[in-house]
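# Coordinates in review
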Amino acid sequence: MTLPEPVKIWSQFAHPILMWILLGLSIYALYSGIQLRRIRTVDQETRKNLIKGHFNTKHYQIGSLILALMVLGSLGGMAVTYINNGKLFFGPHLLVGLGMAGLIAFSASLSPFMQKGNDIARYTHITLNVTILSLFVWQAVSGIDIVQRILARLS
Ligand code: HEM
Ligand code: HEM
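## Notes on the site of ligand 2
Around ligand 2 there are 28 residues in total, and Gln12, Gly77, Leu88, Gly97 and Gly143 lie nearest to it. For the shell around ligand 2, the secondary structure elements donating two or more residues are α2 (14–39), α4 (55–85), α5 (92–109) and α7 (119–154). For the shell around ligand 2, the element with the most residues is α7, which contributes eight residues. Across the shell around ligand 2, the residue classes break down as 19 nonpolar, nine polar and no charged.

Shown next as structure tokens:
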């Protein structure tokens, strides 16, 4: 089965766009996660206001969306790479991408334990997500590099 040429060409931009949106969502997850931590440490009045923000529900929902988009976005990036090149490039963007998909699954799987107040689960969740966010920045830089190569090939 061969895909029409315009579909092949334009599909290459879906993954980069999705991943920039995902970076934005991840920064919001960091913000809402920090608010969740603050709830346990601030004074009564601030605590009441923070609780009204429903950060726990928002964080869990955004987190679930991030989990789905990161796993599917990685698989999508691989699919589009394969469709356009007939192979995958066994390079850092592929390996770091798959590593991040694994780490976010681990991080999300800690949810039921964090909800029971388990501190080890909380600190593991935070460590994993700080690692994921750092890798994300790196992935964005190497991603822009790949986009530039695609554009150079097209022109
Ligand atoms: C970039 C992504 C993420 C960041 C930066 C992040 C950050 C945080 C932080 C800082 C906390 C507070 C921990 C504490 O209270 O000490 C937290 C809690 C939590 N996170 Fe995340 N998180 C992310 C993704 C996710 C994902 C993917 C899920 C699940 C689908 C998730 C579910 C939860 C849950 C259930 C809690 C505990 C909430 C509670 O105490 O009720 N997070 N997160
Ligand atoms: C943030 C900005 C990012 C940009 C601009 C970007 C860009 C790209 C581009 C242009 C490709 C080639 C495929 C295509 O044409 O669609 C690609 C492939 C890929 N991306 Fe990204 N990416 C980004 C982030 C991510 C993230 C966060 C992950 C994983 C969590 C990821 C995982 C992958 C994977 C696994 C491939 C397949 C690589 C291969 O098989 O050679 N990317 N990316």
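What follows continues from the structure just given.
## Comments concerning the site of ligand 1
Close to ligand 1 lie 26 residues, the nearest being Gly33, Gly63, Ala108, Met114 and Asn129. Of all the elements in the fold, those that place two or more residues in the shell around ligand 1 are α2, α4, α5, α6 (111–115) and α7. Within the shell around ligand 1, the residues separate by chemical class into 13 nonpolar, eleven polar and two charged.

## Section: the packing of α2 against α7
The geometry of α2 relative to α7 is characterised by a closest axis approach of 11 Å and an angle of 160° between their N-to-C directions. Relative to α7, the element α2 is oriented roughly antiparallel. The element α2 and its partner α7 pack so that their crossing is left-handed. On the side of α2, the interface is formed by Pro16, Met19, Leu23, Ser26 and Leu30, while α7 contributes Leu133, Phe136, Ala140, Gly143 and Val147. A per-class count over the contact of α2 with α7 returns eight nonpolar, two polar and no charged.

## Topic: the confidence of the model for the chain
Detailed reading of the predicted coordinates is not advisable wherever pLDDT is low. Across the chain, the average pLDDT comes to 96, with 99% of residues at or above 70. Element-level mean pLDDT values for the chain span from 92 in helix α1 (residues 5–11) up to 98 in α5.

Conventions and cut-offs
- Residues numbered from 1 in each chain as written.
- Chains lettered and ligands numbered in written order.
- Predicted model: local features only at pLDDT ≥ 70, side-chain atom pairs only at ≥ 80, totals over all residues.
- Near = placed C-beta within 6 Å.
- Helix = DSSP H or I, 4+ residues; strand = E, 2+ residues; numbered from the N terminus.
- Nonpolar A, V, L, I, M, F, W, Y, C, P; charged D, E, K, R; others polar.
- Axes fitted to C-alpha atoms, helices over the stretch in contact; angles between N-to-C directions.
- Parallel < 35°, antiparallel > 145°, perpendicular 65-115°, else oblique.
- Left-handed = near helix turned anticlockwise from the far one by under 90°.
- Contact = placed C-beta atoms within 7 Å.
- pLDDT = per-residue confidence, 0-100.

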